[in-house]
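An overview of the molecular structure
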Amino acid sequence: MSLLREAEKYIANQHAHGFNTFITPLPRAGQWLDRVKQADKRREQGAPKSPIDGCLISIKDNICTRDLPTTCGSGILSKFTSPFNATVIEQLENAGAVVAGKTNLDEFGMGSHSTNSRFGPVKNSRRDGSGHDLSAGGSSGGSAVAVAAGQCYAALGTDTGGSVRLPAAYTGTVGFKPSYGLVSRWGVVAYANSLDTVGILGNKTSIVQDIFRILNQHDERDPTSLSTFTRSRILSQLQAPQLASRLTSTPLRIGVPIEYNISELTPSVRRAWLLSLAYLQEQGHTIHPVSLPATKHALSAYYVLAPAEASSNLSKYDGVRYGTRVEGPDSDGQPDSYLYANTRGSGFGGEVKRRILLGTFSLSADAMDNYFIQAQRVRRLVQQDFNAVFAAEHPLAAVQDTRLGAEQIDILVCPTAPSSPPRLFDVTGPSSGSSPLDAYVNDVFTVPASLAGLPAISVPVTTSQSSHNSSAGDVAGIQVVGQYGDDELVMKVGELLEGKRF
Ligand SMILES: NC(=O)C[C@H](N)C(=O)O
């Protein structure tokens, strides 16, 4: 099929389906059509600019685009258009890709169901056995559903504590979070800088890999971007050259973190995990139980650190410089004295306000030692746990962490989430009876890799002998986590499992 026909099909799907995937969909007509036609010509001549030349890629609405608004799903930026493109947008466009619209998300990336958006909740494109709407996962739910519902070729999301992997698991797509610092975040609206990454969603790992290879470059405008020197001298030793032999001649040592076998795991997810491990074993790889003892504190640490950073990042939305400005005359007729309170009070939604309050508290002098500092210590323990079990040393660690008797493994395989997607009704609004903590628990398996900055992918596997017929219940996300810089290996192992039916 020509790229143009494919693009027209995506756009027709964007306008036909009511999943609330896009805050700004791509218009049916526009300059983008010419760009796709030119890419078609280049393909005919056998000279495409890249594997994604002429492909439509949706962008999460917290990544800045010059031609389309960037709202972050928030009232406070509801009319904001960035004067510049994020580096990742420039990289995609230089490779010939076309921005396929801006996708819906939890406000500023804060949420696990894509229900905390000023533009309404995203609906999963699959339903449960009784026909109920399901959560799309969050916060990149719009990007994941856009891929699952055939509304674009692939999508960019952001992953701070699981925001790409959880929606991938809930929608049956592939979601990849690269090692921290590999993909530029310049022009990506900050939520929690020490954790934020740009992630990629697609229907296949190979698509995600093509896009990652285009984005995996140093950007001098992003101070956390790994330098070209480090990439070429340190990471390359880990990656491509050894990869072929690590996948063919040597069986991989696959670690199974015992702390992830929690009682809350639903039977279908546990089944998918066990059958995935059995499959890898059949392929000649070996399975090793490993212990990551700090895992049980990781979620609590994350929900101290991320709000702390968020409270600081979000202080700039004050109605003075840009974004929504809400003025309200006060009692003595002075128009501006409540500007901050009015702007922030009406611009931010409930979850964002909760995190600003939590973060401000944990950074206050009285609470600092008990919360923020403790959480940083837990973060270090989580990192040490991973370093103790991976056979490859952390390429950037000054001191290597070793633990006597720890099994040395190449890669970890575990579920992405403890359950299949909950019903949307059960997680939306006060009538659902669900608390914010219920949403946080969805991130229990994704947060550890985020705290350690490690690469991780979620791929869908299907177990066919489930007790009910629901298509959503049968599909589970399996997560593959690797040592820092081992992104290619993570994707390769993801590809081994992707789409398997057991
Ligand atoms: N942004 C993320 O990675 C999602 C996570 N559930 C959070 O609210 O922080």
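Our structure is the block above this text.
Structural notes, computed from the coordinates. In this text, all values refer to a predicted model and were calculated from it rather than measured experimentally. (Residues numbered from 1 in each chain as written. Predicted model: local features only at pLDDT ≥ 70, side-chain atom pairs only at ≥ 80, totals over all residues. Heavy atoms only, no water.)

1. A short note on the pairing of strand E8 (residues 286-290)
Put simply, the rule is: Two strands are counted as paired when DSSP detects at least two bridges linking them. The helix count covers DSSP runs of H or I at least four residues long, the strand count covers runs of E at least two residues long, and both are numbered beginning at the N terminus. If the strands point away from the viewer and the path from the first strand over the helix to the second runs clockwise, then the crossover is right-handed.
Relative to E8, strand E7 (residues 253-257) runs parallel, the two sharing five bridges. Directly across from valine 256, in E8, lies its bridge partner proline 289. For the crossover from E7 across helix H9 (residues 267-282) to E8, the handedness is right-handed.

2. Here we look at the site of the ligand
To be explicit about the condition: Only a single heavy atom is needed: when it lies within 4 Å of a molecule or strand, its residue is near that molecule or strand. We define a polar contact as two N or O atoms separated by no more than 3.5 Å, with the added condition that, inside protein, one atom must be a possible hydrogen donor and the other a possible acceptor, whereas residues neighbouring each other in sequence contribute only through side-chain atom pairs. The method behind every accessible area is Shrake-Rupley, applied with a 1.4 Å probe, and residues are considered shielded solely by the protein chains displayed. Buriedness for pockets is judged along seven lines, at least five of which must meet protein on both sides within 12 Å for an open set on the 1 Å grid over protein atoms alone, while cavities are sets there where a 1.4 Å probe fits but cannot get out, and lining residues have an atom within 4 Å of a point. In this description, a molecule resides in a pocket or cavity if more than half of its atoms sit within 2 Å of the grid points defining it. Amino acids are sorted into nonpolar (Ala, Val, Leu, Ile, Met, Phe, Trp, Tyr, Cys and Pro), charged (Asp, Glu, Lys and Arg) and polar (every other residue, Gly among them).
Neighbouring the ligand are 14 residues, the closest being Gly161, Ser163, Tyr191, Tyr302 and Asp443. A distance of 3.0 Å separates a nitrogen atom of the ligand from a polar atom in the side chain of serine 112. Between the ligand and the protein, one listed contact pairs an oxygen atom with a backbone N or O atom of threonine 160 at 3.1 Å. When isolated, the ligand has an accessible area of 270 Å², and the protein chains bury 100% of it. Among the detected pockets, the ligand sits in the largest cavity. A class-by-class count of the residues in the shell around the ligand yields four nonpolar, eight polar and two charged.

3. Quick notes on empty space enclosed by the protein
Let me state the cut-off plainly: Grid points are joined across faces, edges and corners, and a volume is the space filled by probe spheres set on the points.
If you walk through the whole model with that rule in mind, you get four cavities of 30 Å³ or more. For the largest cavity, the calculated volume is near 80 Å³. Surrounding the largest cavity, 14 residues form its lining, Gly111, Ser163, Tyr302, Tyr303 and Asp443 being those nearest its centre. In this structure, the second largest cavity encloses a volume near 60 Å³. Taken together, the residues that form the lining of the second largest cavity break down as five nonpolar, seven polar and two charged.

4. Observations regarding the pattern of salt bridges
Pairs can form between side chains of opposite charge whenever their charged atoms are close. Quick reminder of the rule: Each salt bridge in this description consists of a side-chain nitrogen of Lys or Arg and a carboxyl oxygen of Asp or Glu lying within 4 Å of one another. Think of it in three bands: with a 1.4 Å probe and only protein chains considered, a residue is buried below 20% of the maximum accessible area for its type, exposed above 50%, and partly exposed in between.
Going through the model one piece at a time under the given rule, you end up with 14 salt bridges. For the salt bridge of arginine 321 with aspartate 318, the shortest nitrogen-to-oxygen distance reads 2.8 Å. The exposure class assigned to arginine 321 is exposed, which follows from its relative accessible area of 57%. Given a relative accessible area of 5%, aspartate 318 falls into the buried group. Arginine 355 serves as the salt-bridge partner of glutamate 351, at 2.8 Å between the closest nitrogen and oxygen. Of the two residues, glutamate 351 and arginine 355 are both situated in helix H12 (residues 350-362); the distance of four residues between them amounts to about one turn of the helix. Take glutamate 351 and arginine 355: they sit in the same class, and that class is buried. Three or more residues are tied together by salt bridges with common partners; here these are Lys123, Arg127 and Asp133.

5. A closer look at the packing of helix H10 (residues 295-313) against helix H13 (residues 369-389)
Short version of the rule: The axes used here are C-alpha line fits, helices contributing only the stretch in contact, and every angle between their N-to-C directions lies in the interval 0 to 180 degrees. An angle counts as roughly parallel when it lies under 35 degrees, as roughly antiparallel when it exceeds 145, as roughly perpendicular when it falls between 65 and 115, and as oblique in every other case. Definitions for this section: a left-handed crossing has its near helix turned counterclockwise from the far helix by less than a right angle. A right-handed crossing has that turn clockwise. Contacts are assigned to residue pairs with any non-hydrogen atoms lying within 4.5 Å of each other.
Two elements in contact, H10 and H13, have axes whose closest approach is 8 Å; the angle formed by their N-to-C orientations is 130°. In terms of axis orientation, H10 runs oblique to H13. As for how H10 packs across H13, the hand of that crossing is left-handed. Contacts between H10 and H13 involve Thr295, His297, Ala298, Ala301, Val304, Leu305 and Ala308 from the first element and Tyr371, Phe372, Ala375, Gln376, Val378, Arg379, Val382 and Asp385 from the second. Here the residues of the contact of H10 with H13 are counted per class, giving ten nonpolar, three polar and two charged.

6. Thoughts on the pairing of strand E2 (residues 56-60)
Counting buried residues in E2 gives five out of five residues, a clear majority hidden from the surface. Of the two faces of E2, the one carrying Leu56, Ser58 and Lys60 and the one carrying Ile57 and Ile59 are both buried. Bridge count between E2 and strand E3 (residues 98-103): four bridges; the pairing is parallel. Across the sheet, residue lysine 60 finds its bridge partner in E3, namely threonine 103. Read from E2 through helix H3 (residues 87-94) to E3, the crossover connection turns out right-handed. Where E2 meets strand E4 (residues 154-159), three bridges bridge the pair, whose relative direction is parallel. Each bridged residue has a counterpart across the sheet, and for serine 58 the counterpart in E4 is alanine 155.

7. A word on the nonpolar core
Nonpolar side chains tend to gather and get buried jointly when the protein is soluble and globular. Heads up, the rule is: By nonpolar core is meant a set of buried Ala, Val, Leu, Ile, Met, Phe, Trp, Tyr and Cys residues that side-chain atoms within 4.5 Å join together.
Ranked by size, the top nonpolar core spans 127 residues in total, and within it Ile52, Leu56, Phe108, Leu156, Ile211 and Phe386 carry the most contacts. When residues in this core are grouped by element, the largest group, ten residues, is from H10. In contact with leucine 56, other than residues within four places in its own chain, are Ala7, Tyr10, Ile11, Leu26, Trp32, Val36, Val98, Ala100, Cys152, Tyr153 and Ala154. Listed in part, the five residues of the second largest apolar core include Phe19, Val122, Ala136 and Val145.

8. A look at the packing of aromatic side chains
Convention followed: Two aromatic rings, drawn from Phe, Tyr or Trp (for Trp, its six-membered ring), form a pair once their centres lie within 6.5 Å of each other, and the interplanar angle then sorts them: stacked below 30 degrees, edge-to-face above 60, tilted otherwise.
Under the counting rule described, the total for this entry stands at 13 aromatic pairs. A centroid spacing of 5.3 Å and a plane angle of 85° characterise the contact between phenylalanine 176 and phenylalanine 212, whose relative ring orientation is edge-to-face. Pair noted here: phenylalanine 176 is in strand E5 (residues 174-177) and phenylalanine 212 is in helix H6 (residues 205-215), with a separation of 36 residues, a long-range link. Residue classification places phenylalanine 212 among the buried residues on the basis of a relative accessible area of 0%. Both rings, one in tyrosine 317 and one in phenylalanine 348, keep their centres 6.4 Å apart while their planes meet at 85°; by these two values the pair is edge-to-face. Here tyrosine 317 is found in the loop between H10 and helix H11 (339-347), whereas its partner phenylalanine 348 is found in the loop between H11 and H12, with 31 residues between them in sequence.

9. Focus on the state of the cysteines
The cut-off we apply is this: Disulfide assignment relies on a single distance test, namely cysteine sulfur atoms paired within 2.5 Å.
Per the counting criterion, the structure on display carries zero disulfides. With no disulfide of its own, cysteine 64 lies closest to cysteine 72 among cysteine sulfurs, the gap being 7.1 Å.

10. As for the sheet that holds E5
The strand order across the open sheet formed by eleven strands is E1-E3-E2-E4-E6-E5-E10-E11-E9-E7-E8, and the pairing between neighbours is mixed. Each end of this open sheet is capped by a strand with a single partner; those strands are strand E1 (22-25) and E8. The average angle at which neighbouring strand axes cross in this sheet is 30°, direction not considered. In the sheet, strand E10 (residues 456-462) pairs with strand E11 (residues 475-482) via seven bridges, with the strands oriented antiparallel. Residue proline 460 lies in a different strand from E11, and its bridge partner there is glycine 477.

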